[in-house]
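So you can see what is in the structure, the chains are spelled out below.
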Amino acid sequence: MHLWIICLVLLWANNVQCYGSNSFGLASGEAIRIGLITDDSTDGIRQTFEHAISVVNSDLSVPLAGETEQVAFGDSMQAFSQLCRLMQNGVGAVFGPAAKHTAAHLLNACDAKDIPFIYPHLSWSPQSDGFNLHPHPEDIAHALYDIITQFEWSRFIFCYESAEYLTILDHLMTLYGIKGPVIKVMRYDLNLNGNYKSVLRRVRKSEDNRIVVVGSTEGVAEFLRQAQQVGIMNEDYTYLVGNLDLHTYELEEYKYSEANITGLRMFDPDKKEVRQLIETLQQALGESEPTNNGSSPITLAMALTYDAVRVIAETTNFLPYQPQQLNCSERHDNVQPDGSTFRNYMRSLEILEKTITGRIFFRGNIRKGFSFDVIELQTVGLVKVGTWEEGKEFQFNRPPQITNFNDNEENSLVNKTFKVLISVPNKPYASLVESINTLIGNSQYEGYGIDLIKELAEKLGFNFTFHNGGNDYGSFNKTTNMTTGMLKEIVEGHAELAITDITITSEREEAIDFSIPFMNLGIAILYLKPQKAEPALFSFMDPFSKEVWLYLGIAYLGVSLCLFVIGRLSPSEWDNPYPCIEEPEELENQFTISNSWWFATGALLQQGSEIAPKSLSTRTISAIWWFFTLIMVSSYTANLAAFLTIENPSSSIDSVEDLAENKDDVQYGAKRTGSTRNFFLTSEEEIYMKMNAYLSNNPAFLTETNQDGVDMVKAGTKFAFLMESTSIEYNTVRECNLKKIGEALDEKGYGIAMPKNWPYRDKFNNALLELQEQGVLARLKNKWWNEIGAGVCSAKGDDDGPSELRLDNLSGIYAVLIVGSLLSFVFSFSYWCLFVFKKAKFYEVPFCDALAEEFKIVVSFAENERALKSAQSVYSRSRNSSQSIESLQMDSDNDDTVPEDD
Ligand code: GLU
């Protein structure tokens, strides 16, 4: 049917052309009016329209005259009244606005009047949107299908802005049929106050990281911008943009995000027609020079407007067209006489050149035969990686030099020279080389940071010059957008790198970038080691705790008493005081109270006492006591040696809590401009807030450098310095009276500072990782911390000296003593009972009487002599009363010899 119409039209047109000179002649001189009703606020469409008319007019005998009407987006009534105005002027064709409903309204009106209606946006309905040069959603879907197949995606998310973009999904599904990837469909809606973050958060939480996004030019641009804010613009995510305007976006921010962004473009930004149009736009709109990195300010709508003007021009070349003035309100007979013919002729043309979007021809109402550049965002900009041509096989050939970022010449570091900021002097990171010769340039400096840059330069091939960046490493103030110190130098482009003990902080990361950390650390306290205390008067008591001394005294008294009692209980200890008298009247016990005490004292002091225990029980308790004293004295002697040389702590801070309380009047400070100070400034923990208030109230304790802080600690004025553990370690190895107190308050790292989105950051990170894996970082740390200038106090160790022996350490020996004493009591009591029993038997007196008698003798502690047989004695009444008791005493400890009867 369409073909028939086209054939008829062509025949008619050829006829017309035969007589064309006439009718053309009639019309010559009178321009053909073309109307543009635009809702584009940027003025780009209008400028393009006018530019296109001026370009085509140079080829035309009957020129085109453009008339533009600006309307508000979506205001159909305003647009309609403008259309009526154009009709009254005799318009030959009308370019419609972007707003879908307004365009549909105008299309109906134009159709009723047979005026060609040109719509340079995504078609919402192929049957009824007039003359549309925009690729049909089916072809866009086909291109996306081919790319997704090339990428071998097995699942992805399809994000669309509004319902008309669902036609793309529809065609995509048709292409896949029942087999195909898993497609999750999500809508991001510009009507939701332009806030897509909830949708993007859902994308982030889903397992999918491949996203096809379709929508309007502004909608997709905002989608990508918010994707970056939500944190899904990184190497884990791949975006396929299906709106044909990716090349117009501000992509600078995404270049180094490592996210894969692929899109479609309908024209080459370097094309002559495009460049001419850009020049015109620049003159008219004062736009800046376009960047030559695959981007272009020319939107597809502008390009299609330009091309549509070209199609109209080409048509007028063949078809005489003299639009009539029409009245909007008159509905039926008042139509443009050649309007539909003109439109049909436009569709029958095939134009190969002088267009922006390439070949133009139609199959039915749908433009065909065009091609897309498949473009990909690389660090160098948008790069063409393939060509999709309608009806042909998709060609995907990513240039090899772009595949491998590391080998990309553009990003090679070889022969590049960087300014590296250091802080001098700041040992061990950088300091001036001590030399008798005058050194210049890089050779003046040495240190850990210097060596690290040299190692990196060797790996990556860059050159470097060191510059002293001062003591202030810098900070970034979000509210004023101001940077200071080294940060400022980097932000302003005066230096590329900074290496020193510069801590990676989130605040700094907002202004600059950091490499991966090359050293890990935390804030700790630097303070003086415990000092040698004045010798105390009773320092000899230090080896034992008070408890031990107390128990020793109790044991000593107890054992003396035991000896005394056991001595009295033991018959063998009752001795003949005068050995020459064979039958003594009295017996004597050597374990008087004073002798018992003296015996115990002699043993305790490792001396003798000439008192020799004779009975088993007294010997048992003596042996146990000797053993006890042996252990006690040995322990005392061993610990005393250590105590006589001990350096007792003279101060008392053991933790940050002590410091916060200014325990023992210890003051403290930190580096004024560093991340340590910032830690306290920003911390929300009560103790650190208290410390922050203290630091703020004592500006004198905020030093310019860490070295100043170390000097203040060394001065010994009860001053502690909050410092990073790595620097503390460096100082304590060299200053023997300094010590790290407590555990680190936080965990962080030092990194190499570099400009934000610096293209070489990855290379630096890779090289740093390699240095770490090869042990170079550890070697450098060891060199600058433990070798150069170290070894002064490393042997001393960090222990707190000997500690007194507590009861726990000696409880065993006390237990032995107690058990031994009890045993000897048992012995002595049993022998005593045996002795009493024998004696009672011998004198034939009742056992109880004998026991009472003997007990009286034992407990008359004032007496250490006893009569063998007194007049009042129970034994005096017995028949064996003349028998010497001595024999009983002699025998009772040894054997049960029954004394012989007289
Ligand atoms: N490393 C700190 C910084 O990056 C300096 C020293 C400190 O504050 O303790 O600012």
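Residues numbered from 1 in each chain as written. Predicted model: local features only at pLDDT ≥ 70, side-chain atom pairs only at ≥ 80, totals over all residues. Heavy atoms only, no water.

An unreviewed UniProt entry annotates the chain as GH16102 originating from Drosophila grimshawi. Here is the UniProt Subcellular location (unreviewed entry) comment for the chain, exactly as written: "Postsynaptic cell membrane". Turning to the chain, the UniProt record has this under Sequence similarities (unreviewed entry): "Belongs to the glutamate-gated ion channel (TC 1.A.10.1) family." (UniProt positions renumbered as here; feature names shortened; annotations may be inferred.)

**Section: the overall build of the chain**
Counting secondary structure elements, the chain contains 29 helices and 33 strands. The buried share among the 902 residues of the chain stands at 51%. Considering only residue pairs separated by 6 or more positions, the chain has 71% of its internal contacts joining residues 24 or more positions apart. Summing over all exposed atoms, the chain offers an accessible surface of approximately 42500 Å²; the carbon and sulfur share of this is 52%. (Helix = DSSP H or I, 4+ residues; strand = E, 2+ residues; numbered from the N terminus. Buried < 20%, exposed > 50% of the residue type's maximum accessible area, 1.4 Å probe, protein only. Contact = heavy atoms within 4.5 Å. Areas by Shrake-Rupley, 256 points an atom, 1.4 Å probe, with all protein chains shown as cover.)

**A look at the environment of Ala-511**
Following the sequence through the fold, Ala-511 ends up in the loop between helix H16 (506-509) and strand S22 (512-514). A C-alpha to C-alpha distance of 9.2 Å links Ala-511 and Asn-477, two positions 34 residues apart in sequence.

**Examining the sheet that holds strand S29 (residues 719-724)**
Strands sit in the order S28-S27-S29-S24-S30 across an open sheet of five strands; the sheet is mixed. Strands with a single pairing partner mark the edges of an open sheet, and in this sheet they are strand S28 (702-703) and strand S30 (738-741). Here helix H21 (residues 675-682) sits on the sheet and contacts strand S24 (523-528), strand S27 (667-671), S28 and S29; the angle it forms with S29, its principal contact strand, is near 100 degrees. (Pairing = 2+ DSSP bridges. Axes fitted to C-alpha atoms, helices over the stretch in contact; angles between N-to-C directions.)

**Examining a nonpolar patch on the surface**
Together, Leu-537, Phe-538, Phe-540 and Met-541 make up an exposed nonpolar region whose accessible area comes to about 440 Å². Counting through the fold element by element, Leu-537 comes out in the loop between S24 and helix H17 (546-569). Leu-537 gets classed as exposed once you look at its relative accessible area, which sits at 73%. (Patch = residues over 30% accessible without salt bridge, like charges linked within 9 Å, V, L, I, M, F, W, Y side chains within 5 Å. Salt bridge = Lys/Arg side-chain N within 4 Å of Asp/Glu carboxyl O.)

**Section: the nonpolar core**
With 72 residues, the main nonpolar core has Leu-64, Phe-95, Leu-144, Phe-158, Ile-298, Ile-312 and Phe-372 as its most contacted residues. Per-element accounting of this core gives the leading share, 11 residues, to helix H11 (residues 300-318). Not counting chain neighbours up to four residues away, the residues in contact with Ile-298 comprise His-247, Thr-248, Phe-267, Val-274, Leu-277, Ile-278, Leu-281 and Ala-303. Counting residues in each nonpolar core, the second largest holds 38 residues, with Phe-464, Met-519, Ile-752 and Phe-764 among its members. (Core = buried A, V, L, I, M, F, W, Y, C linked by side-chain atoms within 4.5 Å.)

**Some details on the site of the ligand**
The environment of the ligand is formed by Tyr-473, Asp-501, Ile-502, Thr-503, Arg-508, Lys-671, Gly-674, Ser-675, Thr-676, Asn-706, Glu-724 and Tyr-750. In the model, an oxygen atom of the ligand is placed 3.0 Å from a nitrogen or oxygen of the Ser-675 main chain. At 2.4 Å from an oxygen atom of the ligand is found a side-chain nitrogen or oxygen belonging to Thr-676. Computed on the free molecule, the ligand has an accessible area of 290 Å², of which 100% lies beneath the protein chains in the complex. Counted by class, the shell around the ligand contains three nonpolar, five polar and four charged residues. (Near = heavy atom within 4 Å. Polar contact = N/O pair within 3.5 Å; in protein donor to acceptor, adjacent residues only side chain to side chain. Nonpolar A, V, L, I, M, F, W, Y, C, P; charged D, E, K, R; others polar.)

**Examining the UniProt feature "site: Crucial to convey clamshell closure to channel opening" (unreviewed entry) in the chain**
Within this numbering scheme, the UniProt entry marks Ile-653 as carrying the feature "site: Crucial to convey clamshell closure to channel opening" (unreviewed entry). Considering the arrangement of structural elements, one finds Ile-653 in the loop between helix H19 (616-644) and helix H20 (656-660). Judged by relative accessible area, Ile-653 falls into the buried class, the value being 3%. Ile-653 has contacts with Ile-525, Tyr-527, Asp-658, Leu-659, Lys-663, Val-666, Ala-720 and Ile-741, leaving out every residue within four places of it along the chain.

**Quick word on unusual backbone geometry**
Backbone torsion omega between Val-424 and Pro-425 reads -5 degrees, so that peptide bond is classified as cis. Inspection of the secondary structure puts Pro-425 in the loop between strand S15 (417-422) and strand S16 (431-432). In the segment running from Lys-427 into Pro-428, the intervening peptide bond is cis, with an omega of 5 degrees. With respect to the element layout, Pro-428 can be found in the loop between S15 and S16. Unusually for a residue other than glycine, Asp-664 sits at a positive phi of about 55 degrees. With respect to the helices, strands and loops of the structure, Asp-664 is situated in the loop between H20 and S27. Its identity is not glycine, yet Lys-718 carries a phi of approximately 55 degrees, on the positive side. Looking at Lys-718, the relative accessible area reads 34%, which means it is partly exposed.

**Comments concerning the state of the cysteines**
In total, this model carries one disulfide according to the counting rule given. Disulfide pairing is shown between Cys-84 and Cys-328; the S-S distance is 1.9 Å. Taking the torsion about the sulfur-sulfur bond, which here is approximately -85 degrees, the covalent link between Cys-84 and Cys-328 counts as left-handed. Of this pair, Cys-84 sits in helix H4 (residues 76-88) while Cys-328 sits in the loop between H11 and helix H12 (339-348); the two residues are 244 residues apart in sequence, bridging distant segments of the chain. On the accessibility criterion, Cys-328 (16% relative accessible area) is buried. (Disulfide = S-S within 2.5 Å.)

**Comments concerning the packing of aromatic side chains**
For the structure on display, the rule yields 52 aromatic pairs. Taking 6.3 Å as the distance between ring centres and 40 degrees as the angle between the ring planes, the aromatic pair formed by Phe-370 and Trp-388 counts as tilted. Placement of Phe-370 in the loop between strand S11 (366-368) and strand S12 (371-378) and of Trp-388 in strand S13 (residues 381-389) is noted, with a sequence separation of 18 residues between them. Among the aromatic residues, those joined into a ring-pair cluster are Phe-418, Tyr-445, Phe-462, Phe-464, Phe-466, Trp-758, Tyr-760 and Phe-764. Positioned above the aromatic ring of Tyr-473, the side-chain terminus of Lys-671 is 3.8 Å from the ring centre. Over the ring of Trp-785 we find Lys-781; its NZ or CZ atom is 5.2 Å from the centre of that ring. (Phe/Tyr/Trp six-rings, centres within 6.5 Å; stacked < 30°, edge-to-face > 60°. Lys NZ or Arg CZ within 6 Å of the ring centre and 35° of its normal.)

**A closer look at the packing of H11 against H12**
As a packed pair, H11 and H12 sit with axes 9 Å apart at the nearest point and diverge in direction by 110 degrees. By the angle between their directions, the pair H11 and H12 is classed as roughly perpendicular. When you trace H11 past H12, the crossing you get is right-handed. The segment H11 lies against H12, with Val-311, Ile-312, Thr-315, Thr-316 and Phe-318 engaging Phe-342, Tyr-345 and Met-346. Residue composition of the contact of H11 with H12, by class: six nonpolar, two polar and no charged. (Parallel < 35°, antiparallel > 145°, perpendicular 65-115°, else oblique. Left-handed = near helix turned anticlockwise from the far one by under 90°.)

**Regarding the environment of Glu-724**
Relative to the helices and strands, Glu-724 is located in strand S29. By relative accessible area, Glu-724 is classed as buried at 5%. Note: C-alpha distance between Glu-724 and Ala-744 (20 residues apart in sequence) is 8.3 Å. Among all residues touching Glu-724, those that are not within four sequence positions of it are Asp-501, Thr-503, Leu-521, Gly-522, Ile-523, Ser-675, Thr-676, Lys-748 and Tyr-750.

**A look at the packing of helix H24 (residues 725-734) against helix H26 (residues 776-787)**
Contact pair H24 / H26: the axes reach a minimum separation of 9 Å and the direction vectors enclose 40 degrees. When the axis of H24 is compared with that of H26, the two are oblique. Between H24, through Thr-726, Glu-729, Tyr-730, Val-733 and Arg-734, and H26, the contact on the second element is made entirely by Lys-781, Trp-784, Trp-785 and Asn-786. For the contact of H24 with H26, the residue count by class is four nonpolar, two polar and three charged.

**Side note on the pattern of salt bridges**
A full pass over the atoms with the stated rule returns 36 salt bridges. Across the pair Lys-368 and Asp-139 runs a salt bridge whose closest N-O atoms are separated by 3.1 Å. Of this pair, Lys-368 sits in strand S11 while Asp-139 sits in helix H6 (residues 137-151), placing them 229 residues apart in sequence. For Lys-368, a relative accessible area of 10% corresponds to the buried category. Between Glu-314 and Arg-310 there is a salt bridge, with the nearest N and O atoms lying 3.4 Å from each other. Taken together, the residues span about one helical turn, with Glu-314 and Arg-310 both in helix H11 at a distance of four residues. For Glu-314, a relative accessible area of 22% puts it in the partly exposed group. Arg-310 gets classed as buried once you look at its relative accessible area, which sits at 3%. Each of the salt bridges in this network shares a partner with another, and the network as a whole consists of Arg-33, Glu-67, Glu-69 and Arg-85.

**Overview of the pairing of strand S9 (residues 260-265)**
Of all six residues in S9, five are buried, a share of seventy percent or more. As paired strands, strand S8 (residues 238-241) and S9 are joined by four bridges and run parallel to one another. Looking across to S9, one finds that Val-241 is bridged to Gly-263. Pairing geometry for S9 and S12, over four bridges, is antiparallel. Bridging across to S12, Leu-264 finds its partner in Val-374.

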